[in-house]
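Observations on the model geometry
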Amino acid sequence: MSRIIQLKPLLEHHYNAFDRTKISPDPLQFLHKFKNEKDIEIIGFISSVFAYGNVTQIINILNKITAFLGRHPHKKIKELNNDEIKSLFKNIFHRFYTGKDIVSLFIILNRVLNEFGSVKNLFMKGYDDSQPNLKIPIKSFRENILLIAKANKIQITPGILFMFADPYNGSACKRMNLFLRWMVRKDELDFGLWASPSGRRDGIPPSKLIIPVDTHIAQICRSLNITKRKNISWLMAEEITENLKKFDPVDPVKYDFAVCHIGIRGLNFNVNPAKRRS
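Residues numbered from 1 in each chain as written. Predicted model: local features only at pLDDT ≥ 70, side-chain atom pairs only at ≥ 80, totals over all residues. Heavy atoms only, no water.

Applying the stated criterion across every chain, the model contains 3 cavities of 30 Å³ or more. Empty space within the largest cavity amounts to approximately 70 Å³. Lining the largest cavity are I138, F141, R142, F162, M163, F164, A165, C173, R175 and M176. Residue assignment for the lining of the largest cavity shows that the elements contributing at least two residues are helix 9 (135–151), helix 10 (158–163) and helix 11 (174–184). The element that contributes the greatest number of residues to the lining of the largest cavity is helix 9, accounting for 3 residues. Residues belonging to the lining of the largest cavity are distributed by class as follows: 8 nonpolar, no polar and 2 charged. As for the second largest cavity, its lining consists of 12 residues, and the residues nearest its centre are Y15, F18, L189, K254 and F257. Breaking the lining of the second largest cavity down by element, the ones donating at least two residues are helix 1 (2–17) and helix 14 (256–264). Across the lining of the second largest cavity, the residue classes break down as 5 nonpolar, 1 polar and 6 charged. (1 Å grid on protein atoms, 1.4 Å probe; cavity = no way out; pocket = protein on both sides within 12 Å on 5 of 7 lines; lining within 4 Å. Points joined across faces, edges and corners; volume = space filled by probe spheres on them. Helix = DSSP H or I, 4+ residues; strand = E, 2+ residues; numbered from the N terminus. Nonpolar A, V, L, I, M, F, W, Y, C, P; charged D, E, K, R; others polar.)

Considering all chains together, one arrives at 14 salt bridges under this definition. Its salt-bridge partner being D190, residue R185 comes within 2.6 Å of it at the nearest N-O pair. For R185, a relative accessible area of 2% puts it in the buried group. On the basis of relative accessible area, D190 is assigned to the buried category, the value being 2%. Residues joined in a network through salt bridges with shared partners are R181, R185, D187, D190, D251 and D256. (Salt bridge = Lys/Arg side-chain N within 4 Å of Asp/Glu carboxyl O. Buried < 20%, exposed > 50% of the residue type's maximum accessible area, 1.4 Å probe, protein only.)

One can describe the packing of helix 3 (residues 37–49) onto helix 11 by two numbers: an axis separation of 8 Å at closest approach and a directional angle of 155 degrees. By the criterion of interaxial angle, the relationship of helix 3 to helix 11 is roughly antiparallel. Where helix 3 crosses over helix 11, the two elements pack in a sense that is right-handed. In contact with I40, E41, G44, F45, S47, S48 and V49 of helix 3, helix 11 contributes R175, M176, F179, W182 and M183. Broken down by class, the residue content of the contact of helix 3 with helix 11 amounts to 7 nonpolar, 3 polar and 2 charged. (Axes fitted to C-alpha atoms, helices over the stretch in contact; angles between N-to-C directions. Parallel < 35°, antiparallel > 145°, perpendicular 65-115°, else oblique. Left-handed = near helix turned anticlockwise from the far one by under 90°. Contact = heavy atoms within 4.5 Å.)

Pasting the structure below:
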């Protein structure tokens, strides 16, 4: 209990300090360029898929992709044919995503939008409110994506498998959990487009989220004894999330952005950053 008493005020302070003015550099900044919910969702999904590696590389590739997609990315992706997708994306690369992988991604997204209308509609096919977290729907979503790929004769390359990670194979599913945080949580950073308002059954409560674990989150959470695990995995992500629920059982993942950016920017977690508001 003493650890909770000591950590909670510091976590809350950092959560409050990292407001919308401190988004950049982060893939989340691309979602805030759009007003239409369908555009926010699809750009959010694309941004999460590319959210690995050096943050400068991530920002550069997302600048290129959003420039191609223009002001209405949902409509653009939905209306593109395969030849147009190949022309746009065949020469785009990101770390070990090949041009072929990225073309395949956009063909898959084209099919998702045309068959289901949105990423949410496909994801919610596997959602079960009785489950403690989103492990099962993430697995179901992945399986449905791979079925769409196979139905369209898309080769399941290592790049595609990396884009759609499997929590049952031990992956922390950092990028998918990041996208889900943006969609489910609601504050001035995250959008809450998939949230579960009172009286509705077509949304997801933020208590179901799992923290997106990367090296920064893992390192800081180890130093705070929020996890004892050495290797980044789904089990680590669950352990960190369960411990964060001791500080906020309703919205445990709200601390993710602040803790991650303390790591990215080389800040000291135990030093209070500038206050959000006077």
